[in-house]
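Residues per chain, in single letters:
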Amino acid sequence: MDINVVAQLNSFLAAFVLLTAFGMLVQRRMYGLVHLFAWQGLFLSINTAIVGFVAGKHHLYISSLLTLSLKVFLLPYILHVLIQRLKVHKEVEVVENVPMTMLMGIALVIFSYYLMSPVTQLSTLVTRSTLAVALATVMIGLLMMITRKHAVTQIIGFLAMENGLFFAATSATYGMPLVVELGVALDILIAAFIFGIFFFHIHTTFDSLDVDQMARLKEED
Amino acid sequence: MLLVLLVVPLFAAVALAFVGDRKFAPEINIAGSAATFVAGAGLALQVYEQGPMLAGGKFFFVDAFNVYLAVLTSFVSMTTAIFSRRYMRREREHGRIGQIRIRFYHAMFQLFIFAMLLCLLTNNIGILWIAMELATLSTVLLVSLYRTPTAIEAAWKYFILCGVGISQALFGTVLLYFAAEKVLGEGGEALLWTNLRQVSGSLEPTVLSLAFVFLMVGYGTKVGLVPLHNWLPDAHSEGPTPISAVLSGLLLNVALYALVRCKVLVDGSTHSHHAGNIMMGFGLLSILVAAFSLLRQKDIKRMFSYSSIEHMGIATFAFGLGGPIATFGALLHMLVHSLAKSSIFFTVGHASQMHWTQEMDRIRGLFKGNPLVGWGLMFGVMAIAGMPPFGVFTSEFLILTATIKDAPLLTPFLLLGLGVAFAALFRRVQPMVSGEAPSYQKSMKVAHVPVILHMVLVLVIGIYMPAFLNNWFHTAVELLK
């Protein structure tokens, strides 16, 4: 494949990853969020495979498959089941001040480009221009965790951050060494089981998954 | 030896998951931890005689710095296992936890020890990150073990905040790998700390200084540095006390270890005090904020968690300051703080079981009620507040001396923090230990060995530092230059 085409394709997919990140930032329905998350995983997985093909890095195929199975199928499936079991699929979360959140998201993207510009200049890889997008995805995941109050939403924000990190590794260095990627995937899997257990604990204890109710531990005066 | 050290806790975790709530489960827990400690001591002896070494195809690496922390980790986990036998039995009798949770508790305790040891011994900074995340994940559900609303809230906070924090560290690691790849080529070799150390001079300084900011935020969250400390007092006060002891005494040390390892690489590349300055800033802020927060606490475990933040701040500040004296002080401080703080948590655990509350206003008359708990707490607080002749005094004195020499303007702030913390601790502890025992106080069997052992060690280190420990720290200081 022509190197220019690849760079274009890479940027194109990066744009979609960022778009899904923004989509998640303001999506109110639970299923909608899970679907957006799965789409983001799919874009990442395709991107990884293309980069792996162009750079001739075969271990990226494994990462790509790992992403596909974990982030496109397994995690969304687990979330789906959890949402159904917990009967929160009809809940519509109130997202306060959508335009403001969007503006903050855009500011974070600009900030990421600024922060990454010295690093991008040093890089010679095809994928260098998407490093800033990756950081922006991490930051938007963080923003999502701050602005949203639902436990499931916060977890999806957390997973979106993880997606951003994976994307960063692909963009900056054609992926981390395989042993590290596998370890990170294992950690995410364990984390998935833990938050699954957690949802039930929170649900039975507080009768809702709104984390605002958890405000008993405060500094006393 | 090294592999034995890692395999024992993993094996113990699996065994305990199967043993479940049988009568001898706590004994297996103790035996597993004791075996880990023996392996750790053996490894230390080997390193002491032969110097640093690589093992498992460069995958693991031991030198004076990490082996002393590995011995400390295995030692404190052993004494905590001894303490937890009595403590958890009492919790069982009162019906606070059932069979399944006991099984879970034991297995996760050993898994947690494994994660920390892996963190300390691995040579690969990617694996370091993974092990750190594993250490968080294995303790999250231990914090929520009692399933009370506050415990669940604390655990959720711990899970989310540490998860977010640590992902920043992963980004930092990606940047580090980015810089390393240019010099060392691709593949796992480029993430090995020993390789990175050799070429740190030719790593790109701009990338590394940026990477350090992310690593600082990430691992700093786990160290509990202000302003990233919100999870710490909650997690440490709501979980079962043996877990508070290992979280405060060990996990914070391990996170600081990760940070210092990264700092060495960044320093080698930038040849400036960039990383050190950041660490000093975070450290000093932690000392001051924690010292003033200590004044307002009502919950006994919460108060001592703030004291942990303060002491981690001191160690971070000292590592940031750099120089042989400050680094020596910081290494010593990590050791004595860990011993003193876990011993305090042992006595605090028993004290709160005697009164069935963690509120300090309701804990009274410990000297009369149970002399070991009362005096143990009193001596523990004296040690942690930095009174001579305990070891914390020595380390704080060294750090203070180095500060006066290298950063004289910061001395008043450091002194202010130490002074306020001192006053805050004694104001609270004095009424708890003295006076008549209240009517609701119940007598109970307590675990003597861990408390006495820890206090004696802190005292010995304060009065007379054994030559081997001295040599050891000097070697570590050389490594961290």
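Check the entry above for the structure.
Residues numbered from 1 in each chain as written. Chains lettered and ligands numbered in written order. Predicted model: local features only at pLDDT ≥ 70, side-chain atom pairs only at ≥ 80, totals over all residues. Heavy atoms only, no water.

A. Structural detail: the overall build of chain B. A tally of helices and strands in chain B yields 19 helices and 2 strands. Its C-alpha atoms give chain B a radius of gyration of 21 Å, within 12% of the compact-globule value 23 Å for 481 residues. Its C-alpha atoms give chain B principal-axis dimensions of roughly 70 × 55 × 45 Å. Across the 481 residues of chain B, 66% fall into the buried class. Considering only intrachain contacts with a sequence separation of at least 6, the fraction spanning at least 24 residues in chain B is 81%. As displayed, chain B offers around 15,000 Å² of accessible surface, 67% of which is attributable to carbon and sulfur atoms. (Helix = DSSP H or I, 4+ residues; strand = E, 2+ residues; numbered from the N terminus. Rg over C-alpha atoms; globule rule 2.2 N^0.38 Å. Buried < 20%, exposed > 50% of the residue type's maximum accessible area, 1.4 Å probe, protein only. Contact = heavy atoms within 4.5 Å. Areas by Shrake-Rupley, 256 points an atom, 1.4 Å probe, with all protein chains shown as cover.)

B. Inspection of the interface of chain A and chain B at higher detail. Taken together, the 49 residues of chain A in the interface contact 52 residues of chain B. For the chain A and chain B pair, buried surface summed over both sides reaches about 4,600 Å², with 75% attributable to carbon and sulfur atoms. Our enumeration of links across chain A and chain B arrives at 0 salt bridges. Here chain A and chain B share 2 residue pairs in polar contact (both at pLDDT 80 or more) between them. When residues of the side of chain A that touches chain B are traced back to their parent elements, those giving at least two are helix 4 (98–122), helix 5 (131–147), helix 6 (151–173) and helix 7 (178–206) of chain A. If one sorts the elements of the side of chain A that touches chain B by residue count, helix 7 of chain A sits on top with 16 residues. Of the residues contributing to the side of chain A that touches chain B, the split by class is 34 nonpolar, 7 polar and 8 charged. (Buried area = accessible area lost by both parts, 1.4 Å probe. Salt bridge = Lys/Arg side-chain N within 4 Å of Asp/Glu carboxyl O. Polar contact = N/O pair within 3.5 Å; in protein donor to acceptor, adjacent residues only side chain to side chain. Nonpolar A, V, L, I, M, F, W, Y, C, P; charged D, E, K, R; others polar.)

C. Spotlight on empty space enclosed by the protein. Overall, the coordinates contain 4 cavities of 30 Å³ or more when judged by the stated rule. When its volume is computed, the largest cavity comes out at roughly 190 Å³. Along the wall of the largest cavity there are 16 residues; nearest its centre are K71(A), F166(A), E181(A), V184(A) and A185(A). Contributing elements (two or more residues each) for the lining of the largest cavity: helix 3 (59–85), helix 6 and helix 7 of chain A together with helix 6 (149–184) of chain B. With 5 residues, the top contributor of residues to the lining of the largest cavity is helix 3 of chain A. Tallied by class, the residues present in the lining of the largest cavity amount to 11 nonpolar, 2 polar and 3 charged. Residue assignment for the lining of the second largest cavity shows that the elements contributing at least two residues are helix 5 (125–143) and helix 10 (241–270) of chain B. Here the lining of the second largest cavity is built from residues that sort into 6 nonpolar, 3 polar and 1 charged. (1 Å grid on protein atoms, 1.4 Å probe; cavity = no way out; pocket = protein on both sides within 12 Å on 5 of 7 lines; lining within 4 Å. Points joined across faces, edges and corners; volume = space filled by probe spheres on them.)

D. The nonpolar core, seen in detail. Ranked by size, the top nonpolar core spans 266 residues in total, and within it F199(A), W156(B), F159(B), Y219(B) and F304(B) carry the most contacts. Top element by residues in this core is helix 6 of chain B. It accounts for 20 residues. Setting aside anything within four residues of it in sequence, one finds F199(A) in contact with L82(A), L86(A), A151(A), V152(A), I155(A), L209(A) and W156(B). (Core = buried A, V, L, I, M, F, W, Y, C linked by side-chain atoms within 4.5 Å.)

E. Geometry of the pattern of salt bridges. Residue and element names in this part refer to chain B. Scanning the entire structure with this criterion turns up 10 salt bridges over all chains. Notably, a salt bridge pairs E27 with R85, separated by 2.8 Å at the nearest N-O pair. Placement of the pair is E27 in helix 2 (residues 25–50) and R85 in helix 3 (residues 64–93), with a sequence separation of 58 residues. Judged by its relative accessible area of 24%, R85 is partly exposed. Linking D63 and R261 is a salt bridge whose minimum nitrogen-to-oxygen distance equals 3.1 Å. You can see D63 sitting in the loop between strand 2 (60–62) and helix 3 and its partner R261 sitting in helix 10, a full 198 residues away along the chain. Accessibility expressed as a relative area gives 0% for D63, which makes it buried.

F. Geometry of the packing of aromatic side chains. Taken as a whole and judged by the stated rule, the model has 28 aromatic pairs over all chains. Aromatic ring contacts, followed pair by pair, group F158(A), F195(A), F198(A), F199(A), W156(B) and F159(B) into a single cluster. Note that R96(B) overlies the ring of Y146(B), its terminal NZ or CZ placed 4.0 Å from the centroid. Between the NZ or CZ atom of R362(B) and the centre of the ring of Y440(B), over which it lies, the distance is 4.3 Å. (Phe/Tyr/Trp six-rings, centres within 6.5 Å; stacked < 30°, edge-to-face > 60°. Lys NZ or Arg CZ within 6 Å of the ring centre and 35° of its normal.)

G. The arrangement of helix 3 of chain B in detail. All names here are of chain B. Under the 1.5 Å per step criterion, the end-to-end length of helix 3 is 44 Å for 30 residues, consistent within 8% with the ideal 44 Å. In helix 3, a bend of some 30 degrees at S84 exceeds every other bend along the element. Buried residues dominate helix 3, accounting for 24 of its 30 residues. G95, located one to two residues past helix 3, shows a positive phi value of around 70 degrees. (Expected span 1.5 Å × (residues − 1). Bend = angle between axes of the 7 residues up to and from the residue.)

H. Broad picture of the state of the cysteines. Residues and elements named next belong to chain B. Scanning all chains against the criterion turns up 0 disulfides over all chains. Between C162, a cysteine without a disulfide, and C119, which holds the nearest cysteine sulfur, the sulfur-to-sulfur distance is 13 Å. Free of any disulfide, C262 has its nearest cysteine sulfur in C119, 10 Å distant. (Disulfide = S-S within 2.5 Å.)

I. Structural context of helix 12 (residues 300–321) of chain B. All names here are of chain B. Compared with an ideal rise of 1.5 Å per residue, which puts 22 residues at 32 Å, helix 12 spans 32 Å between its outermost C-alpha atoms and is within 8% of the ideal. With 22 of 22 residues buried, helix 12 is to be regarded as a mostly interior element. Measuring from the side-chain oxygen of the N-cap residue of helix 12 to the backbone nitrogen of K301 gives 2.9 Å; that N-cap residue is D299. Positive backbone phi, at 70 degrees, marks G322, one or two positions downstream of helix 12.

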